[in-house]
Number of protein chains: 2
Amino acid sequence: MSSQIAPITLADLQRPVRGRLERVPQELHRIVEADFGLIAEVNSHLFQMQGKMFRPTLLLLADEATGGRDQRTITLAAVIELIHLATLVHDDSVDHSVLRRGMPTINSLFSHQVSVIMGDYLYSRAVIELVRLDDLEPLRVLSRVTNQMTVGEMRQLLAHEPLEFSEESYDLLIQAKTASLLSGACEVGALRASPAERSALRRYGEALGMAFQIVDDLLDYVGDPGVTGKPTGSDLREHKVTLPLIAALPRMDAAGRRQVQALMDTPEPDDPRIGEIIGAVAEAGGLDYARERALQLAQQADGELDALTPSPARDALRAAITYVVDRRR
Amino acid sequence: MSSQIAPITLADLQRPVRGRLERVPQELHRIVEADFGLIAEVNSHLFQMQGKMFRPTLLLLADEATGGRDQRTITLAAVIELIHLATLVHDDSVDHSVLRRGMPTINSLFSHQVSVIMGDYLYSRAVIELVRLDDLEPLRVLSRVTNQMTVGEMRQLLAHEPLEFSEESYDLLIQAKTASLLSGACEVGALRASPAERSALRRYGEALGMAFQIVDDLLDYVGDPGVTGKPTGSDLREHKVTLPLIAALPRMDAAGRRQVQALMDTPEPDDPRIGEIIGAVAEAGGLDYARERALQLAQQADGELDALTPSPARDALRAAITYVVDRRR
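The following refers to the structure shown.

What counts, and at which threshold
- Residues numbered from 1 in each chain as written.
- Chains lettered and ligands numbered in written order.
- Predicted model: local features only at pLDDT ≥ 70, side-chain atom pairs only at ≥ 80, totals over all residues.
- Helix = DSSP H or I, 4+ residues; strand = E, 2+ residues; numbered from the N terminus.
- Rg over C-alpha atoms; globule rule 2.2 N^0.38 Å.
- Buried ≥ 20, exposed ≤ 12 C-beta atoms within 10 Å, placed from the backbone.
- Contact = placed C-beta atoms within 7 Å.
- Core = buried A, V, L, I, M, F, W, Y, C linked by C-beta atoms within 7 Å.
- Axes fitted to C-alpha atoms, helices over the stretch in contact; angles between N-to-C directions.
- Parallel < 35°, antiparallel > 145°, perpendicular 65-115°, else oblique.
- Left-handed = near helix turned anticlockwise from the far one by under 90°.
- Nonpolar A, V, L, I, M, F, W, Y, C, P; charged D, E, K, R; others polar.

### Digging into the overall build of chain A
When its secondary structure is counted, chain A shows 18 helices and two strands. Its C-alpha radius of gyration of 20 Å places chain A within 12% of the 20 Å reference for a compact globule of 329 residues. Projected onto the principal axes, the alpha-carbon positions of chain A cover approximately 60 × 50 × 35 Å. Looking at chain A residue by residue over its 329 residues, the buried ones come to 51%. Partitioning the intrachain contacts of chain A with sequence separation of at least 6 by distance along the chain shows that 76% fall at a separation of at least 24.

### Some thoughts on the nonpolar core
Of all hydrophobic cores here, the largest spans 210 residues; its most connected members are A211 of chain A together with A211 of chain B. Aside from chain neighbours lying at most four places away, what touches A211 of chain B is A294, L297, A298, A301, V324 and V325 of chain B.

### Quick look at unusual backbone geometry
All names here are of chain B. Of note in this structure, H96 is not a glycine but carries a positive phi near 55°. With respect to the element layout, H96 can be found in the loop between helix 6 (73-95) and strand 1 (99-100). You will see that D134, though not glycine, has its phi angle at about 65°, which is positive. The exposure class assigned to D134 is exposed, which follows from the 9 C-beta atoms found within 10 Å.

### Description of the packing of helix 6 (residues 73-95) of chain A against helix 8 (residues 112-132) of chain A
Residues and elements named next belong to chain A. Taken N-terminus to C-terminus, the directions of helix 6 and helix 8 make an angle of 160°; their axes are 9 Å apart at the nearest point. As the angle between them shows, helix 6 and helix 8 are arranged roughly antiparallel. In this structure, helix 6 meets helix 8 at a crossing whose hand is left-handed. Facing T75, V79, L82, I83, L85, A86, V89, H90, D92 and S93 of helix 6, the residues of helix 8 in contact are H112, S115, V116, M118, G119, L122, Y123, R125, A126, E129 and L130. Taken together, the residues of the contact of helix 6 with helix 8 break down into twelve nonpolar, six polar and three charged.

Right, here's the structure in full:
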């Protein structure tokens, strides 16, 4: 949203922890290894859809920015990515998604059954690995996070009633669904830090995560499909109510609100109709409102970092905020 | 299978731990409590399908038979039942089952999505509760058990090729799918016992669990639908290969084996055809073989109990073996 010459890339953020980050995929392989053919097959497909490792990056930066005291960070970073992966596998199954990161999803490539079981497999492997570390603290944080994420998924199922879904419900939804894991990643990276630093990083991750989801929801309205990889207006097409619409609705007239409700009542709305609503939401200030809210949260996240001693890793955590709000996909 | 006058009932086994067992449902309610409407609604439906509490019974008896030293057994028993419940919710979703214990399943009453998310919710609540006990030991046992169960579910998906599915694969399947949780229940009930008692109870649970599944698979061939609550031959109808068929196949002639393969290749075989195969399996000695194997495992389980001091609880664990092999549903 700022207009820099050279936008911040993920690689920029990762520089202070590059060496450790490169060891995370191998650690992940070790943790999920299976001698049963079908599971090994699904695993190797999952490794091909390797993500951006944003959560492991945050975890490693949180450790680095608080003195780099934890010897277990590579394992913890792998576990964070594993929990994220398990969630994606179940999410894709729940949503009947066909593609993820440009690759066929497990449910489309294997079956719905395999997805449900595989998500359970991955998550229980994450728990086994945390138990192996012989410390209840990471488990305490991450079991709560995982539970929050399931509550977020349930809230998502009900986020289809535009005239009833409030901004407060939206905040609870994105906190649970998205911010909890980013917050957990930062907190688990700071388990050896002082309580003040640990709390600051937890709150940083929470604000960053909420901003992350709002930007995601904004990109669905204004993103370039060639860059985001999904058509504009997907959320409206699937009748998902997000912040731009929530903010716009009270500023629309009765006719506009009726139009929104009509779109929500149409099983498969067409592109011109979706385009109309996007236009109406923009005109009513819904996009500006959501952008403003993301920037507020970004500022909050930034403020939390003042609790840490200056370091290249802290700079990278600051840069992560810009990365999140400026991203185009 | 024995021909007693008065068969052993579940209530008989539960007598030595009746008082504690009665407190388990309330503890379960506390653990899964949710302030989000949809989750609370699914929870209250789950409570109505309240099972037989066989796993909590084993856990409490294991504790009682080894001195009753553990103060946490009511919570642990609730967690065991909760893990069982989470597994059932995902299993029903994977199998698209409509009924469970005579009640509509979560997937049929709510949706497939709600089932997947709810299973995750229940399991993560179980982990949170185990963390709260501030002891890694129950988590160490139960995270492995949960992972084994997912491997068992994967094996189940592949148990549809009668001419390729060996008895060894069947043993691995029922160990993972069924015996692991019964074994885990017994072991977690004996965490304060001596290592020898703990191991004996783990092995007792494993043998008991395998016998339990073999009897289940036998009942599918010979059970009275009025008592079991499901039609005879369901497994054959769904092309599930179990021990009676595995044992019968090598003793059938080529024509018989072709008939079996033909049934497996028929999408929806009719009752007369299923009846024919059941007859052929019986004639080839498949039912006798499976019965014999269940009795061997029962003997093994019985032998393990010799490691414990005589007590009413140990007697109840012995009676549990008879209960498992004699049951009609």
